[in-house]
Each structure stands twice: as C-alpha cells, then as structure tokens.
Amino acid sequence: MMAAGYVDLREKLLSPHRFHSTSQSRGHKRAYSEEGYISRDVHVSDHGAPRSKYDHQSLSEREEELRKIHTGIRQRRLFSVEECEKIEAKIDEVVVTANNGQYKKHTVDRAPLRNKYFFGEGYTYGSQLEKRGPGMERLYPKGEVDEVPGWVHELVVKPLCDAKIVPKGFINSAVINDYMPGGCIVSHIDPPHIFERPIVSVSFFSDSALSFGCKFTFKPIRVSKPVLCLPIDRGCVTAISGYAADEITHCIRPQDVVKRRAVIILRRVRDDAPRLGPSVEPGVGPPGECKDTDSDSNSDCKHKPYRTVIAHSKTSQEQKAQRKNSIEESKSSKIFSKVVPLSKKRANSSDSSSGTFESSSDSESSDSDPSPPPMKLARQTAASSHSHRDKERKPRGKSSHREVRLPKTHYR
C-alpha cells in the first residue's frame, strides 16, 4: 500500500500526482481491503481526493448520519500517564519478542508502517482470504496464535471491567496494532459473524483520530473527507457498537498518525464463529488416541500432535479404494489366466492344429516359459490375434474351439 520512495504515507498524500486513468476515476469497481470491502466508485475532486457517497448528502441527511453514528460510540479517559507508560513498556516487550521470532506463526502480521499482534484468537482477512468478500473471514484453528498475555488482563481488561465498560469474562481476544508515523488501516467493518459488540480499543504512545465513512483510493493514495473524525487521546478508551460498528466503515488515516501510536483492541469472539479446519497430515492422529492396533505405534501415540480424525477418515477411504482395485485386478487375472499368446500355440503346433488360443494349464506346468504379466499378456494376445486373422482370412463359421474376446480397455 505504500509507494516506493516514501517512508511516510503523509508525504504521499501531499504528492502532486493526480489520477490519469479514466477507468479508475469513472469505474464502478469494488476492491477488498485489508479488513473488508472498500468501494472504488470514485469521483475525483479538484484537489485529487475521492468523494464518497456521503458527500452527496444534504445538510439534514448529514446531521441524521452523525446522530446515528454517535449513538454507537462511548469514550472515556481511563488510564493515567503513569499507567500508560507501564502498558507501553509491555507493548515494547511484545515487539522485541516478535522480532526474536518467539511467537507462533499467526500471532504476528506485518505490513508497511503497521504491525499486528494477535492474542487469544486470530483470523484471516484481506489478501489472506482464499475467497474474498464480506463474511468470508475465518478464525484460525485453536492454538495457532499465542494466548492473551497476563499483563493485558491485569493492566487493561481489569480496569475496563471495574469501570463497567465490559462485563467480566467478556474479552477473549486482544490485538495490538503498532503504527509508525503515516501508518494507516483502510476503511473496514469488524466482521460481525466473528466478533460480538462492542468493539473496545485503548490508545497509547500518542494522540490520533478514528474516522468514519472514508473512501480510500490508491496509486497514488488518497482519502476522502470523513463523515466523522473522532479524536482519540492517549489513554482513552473507545467502544463502538450498533450503527457505528455495523452500518458505516471506520479507519485510521495516514495524516492522523503523526507519531508512533499503538492501540489495544479488545473483542469477544462469537461462540459460533466459523473456523478454519486443521490441516491434515497423513498418519498423524490426536494425542491420546490411536486407531492402530500395532503396539509399537501405540507407544508413540501420546507424542503425536493434534491433526487428526480427518487423517484417519482419509486413510479408511484410501483402504477402500485399494480393496476395490485389488478386486478388479483379481477379476482381470482370472480372464488372462485362461489364455496364452498364439506364439506359444505355434511353438507347440506339432502337438495340435488349433488356430486360436489354448488353455494355459500346460504353460503353467512349464518352468522354462513363465507366463507374462496380465497387461503384457493382453497386448501379446491382441497382436497375435490380429496377425493370425490377417494371414488366414478364414470365413466366419462354427468352430470346435471357443475364442476368448478381451475387453477393449486392456488394449490401451
């Protein structure tokens, strides 16, 4: 999202570049953002910034829009400077731990000028989605992100519960967003099928602002005027729900992050939130459970990581397929065991004058000429059959010997 040559997106916002592509300025496209859909139904103003649908509202419509947004916002200055400094020191420790590679894979998500640290629960969004679109976000399997640190419960969640902002036991997910100057998060709505309301955030390190109803465009990056720009001071708690959380997007604009800023987002993951299935590793089962009857394999069962019941069901399907193949092969072998190639018949022409195939009972008793494999035998039989008919060209009629016709599939 950050253009080459810029270390701060605020510089990009001040760049003189304008939109030159009419397909970008006049098109009606929708692009999936980092955490939701953003619209590219863009109209470029005189200053190069896009205009959103809210810019066309009348004064009375804008006042009504603001009223509905404010009904879903609660703010309170809860943490003192000393408390902020203590929490900010803990955030710095999280950054160091992440840089040392001590967190699980899906705990850390890095982007230009913004890093995310997921605790308790993590989920897929934006470019991580296999199928993009609202409602496609999925939680990672249990245990794929680190647990919520104890200091978050003690220093942040407990004061929120004491202040009656959230009930005790409500929070089970924490995300730390660490912004560098000029960093941003584009307009989005926290997926309602993943998170319950309210969405609670606490700001640290510096003051900033939360904007509602903005429209982002890129190459170059531009942001429309917000419907509401809500100031967020250091140590301030902001809780959004209702219309503010579900019916209008919110974002952090690059121009509103003038210094390093961190925010701890505290949410409750829904009990019925969709979750990605565990990845399947063949031969690996859940700890403490083994389907194998072999005592040696059972002895190591408790050391196998969770991945599991799916692996066993897949193995049973493979076994069924193998049994089906073995049955078909046995049927084929019965057909081929009754015939021998014509070349063998010619080798024994002094004993018989038959012009077709003979029984394989004599060949099975011969040690010097073992029978070829079924497929090879089929090819030899077919070739010999065609060769013999071409030479003799005998008229069709009754014969004392029965000719065995092979299935066409065996000629391939």
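Residues numbered from 1 in each chain as written. Predicted model: local features only at pLDDT ≥ 70, side-chain atom pairs only at ≥ 80, totals over all residues. Heavy atoms only, no water.

1. What about the nonpolar core?
Ranked by internal contacts, the top residues of the largest apolar core, which has 32 residues, are Ile87, Trp151, Val156, Ile264 and Leu266. When contributions to this core are tallied by element, the ones reaching two or more residues are helix H4 (81-99), strand S5 (114-119), helix H5 (150-162), strand S6 (173-179), strand S8 (199-204), strand S13 (236-240) and strand S15 (261-267). The greatest single-element share of this core, amounting to 7 residues, is contributed by H5. Residues in contact with Trp151, not counting those within four places in the same chain, are Ile87, Lys90, Ile91, Val94, Val156, Ile176 and Ile264. Within the second largest apolar cluster, 30 residues are counted, among which are Tyr179, Ile185, Phe212 and Val227. (Core = buried A, V, L, I, M, F, W, Y, C linked by side-chain atoms within 4.5 Å. Buried < 20%, exposed > 50% of the residue type's maximum accessible area, 1.4 Å probe, protein only. Helix = DSSP H or I, 4+ residues; strand = E, 2+ residues; numbered from the N terminus. Contact = heavy atoms within 4.5 Å.)

2. Observations concerning the side chain of Arg114
Of note, Arg114 is situated in strand S5. Since its relative accessible area comes to 3%, Arg114 is described here as buried.

3. Points about the confidence of the model for the protein chain
Looking at the protein chain, pLDDT values average 74 and 57% of them are 70 or higher. Ignoring residues within four places in sequence, the model shows residues 1-6, a span with pLDDT below 50, making 12 contacts including any to other chains. Note that residues 281-315 has pLDDT below 50 and, in this model, 45 contacts with residues that lie over four places away or in other chains. (pLDDT = per-residue confidence, 0-100.)

4. A look at the sheet that holds strand S9 (residues 208-212)
Read from one edge of the open sheet, 4 strands run S7-S14-S9-S12, paired in antiparallel fashion. What marks the edges here is a single partner per strand, and that holds for strand S7 (185-188) and strand S12 (228-232). The sheet shows a mean angle of 20 degrees between the axes of neighbouring strands, taken without regard to direction. Direction of pairing for S9 relative to S12: antiparallel, over a ladder of 5 bridges. Across the sheet, residue Leu210 finds its bridge partner in S12, namely Leu230. (Pairing = 2+ DSSP bridges. Axes fitted to C-alpha atoms, helices over the stretch in contact; angles between N-to-C directions.)

5. Regarding unusual backbone geometry
A cis amide bond, omega 10 degrees, links Arg197 with the succeeding residue Pro198. Secondary-structure assignment places Pro198 in the loop between S7 and S8. Along the chain, Lys219 connects to Pro220 via a cis peptide bond; the corresponding omega equals 0 degrees. With respect to the element layout, Pro220 can be found in the loop between strand S10 (216-217) and strand S11 (222-223). Look at Phe205: it is not a glycine, yet its phi comes out positive at around 75 degrees. Locating Phe205 in the fold gives a position in the loop between S8 and S9. Since its relative accessible area comes to 23%, Phe205 is described here as partly exposed. Not every positive phi belongs to a glycine, and Lys219 is a case in point at roughly 60 degrees.

6. Quick word on the pairing of strand S4 (residues 108-111)
Sheet analysis places S4 next to S5, joined by 4 bridges and oriented antiparallel. Across the sheet, the residue bridging to Arg110 is Asn115, located in S5. In this structure, the hairpin formed by S4 and S5 is closed by a connection of 2 residues, where Leu113 is found at a positive phi of approximately 65 degrees.

7. A short note on the environment of Glu137
The topology assignment puts Glu137 in the loop between S5 and H5. Judged by relative accessible area, which is 3%, Glu137 ranks as buried. Side-chain polar atoms of Glu137 contact the backbone nitrogen of Gly135, separated by 3.2 Å. (Polar contact = N/O pair within 3.5 Å; in protein donor to acceptor, adjacent residues only side chain to side chain.)

8. Some thoughts on the environment of Glu247
Structurally, Glu247 can be placed in the loop between helix H6 (242-246) and strand S14 (250-252). According to the relative accessible area criterion, Glu247 is exposed, its value standing at 52%. Taking the C-alpha atoms as reference points, Glu247 and Lys68, 179 residues apart in sequence, are found 9.5 Å from one another. Contact partners of Glu247, with chain neighbours within four places excluded, come to Tyr54 and Gly242.

9. Description of the packing of aromatic side chains
Evaluated as defined, the whole model comprises 7 aromatic pairs. Each ring, one from Tyr103 and one from Phe119, has its centre 5.6 Å from the other, and the planes form 75 degrees; the classification is edge-to-face. Here Tyr103 is found in the loop between H4 and S4, whereas its partner Phe119 is found in strand S5, with 16 residues between them in sequence. An aromatic cluster is defined as three or more aromatic residues linked by ring pairs; in this entry it consists of Phe118, Tyr123, Tyr125 and Phe195. Taking NZ or CZ as reference, Arg260 lies 4.1 Å from the ring centre of Phe205, over its face. The positively charged end of Arg267 is found above the aromatic ring belonging to Phe195, 3.9 Å away from the centroid. (Phe/Tyr/Trp six-rings, centres within 6.5 Å; stacked < 30°, edge-to-face > 60°. Lys NZ or Arg CZ within 6 Å of the ring centre and 35° of its normal.)

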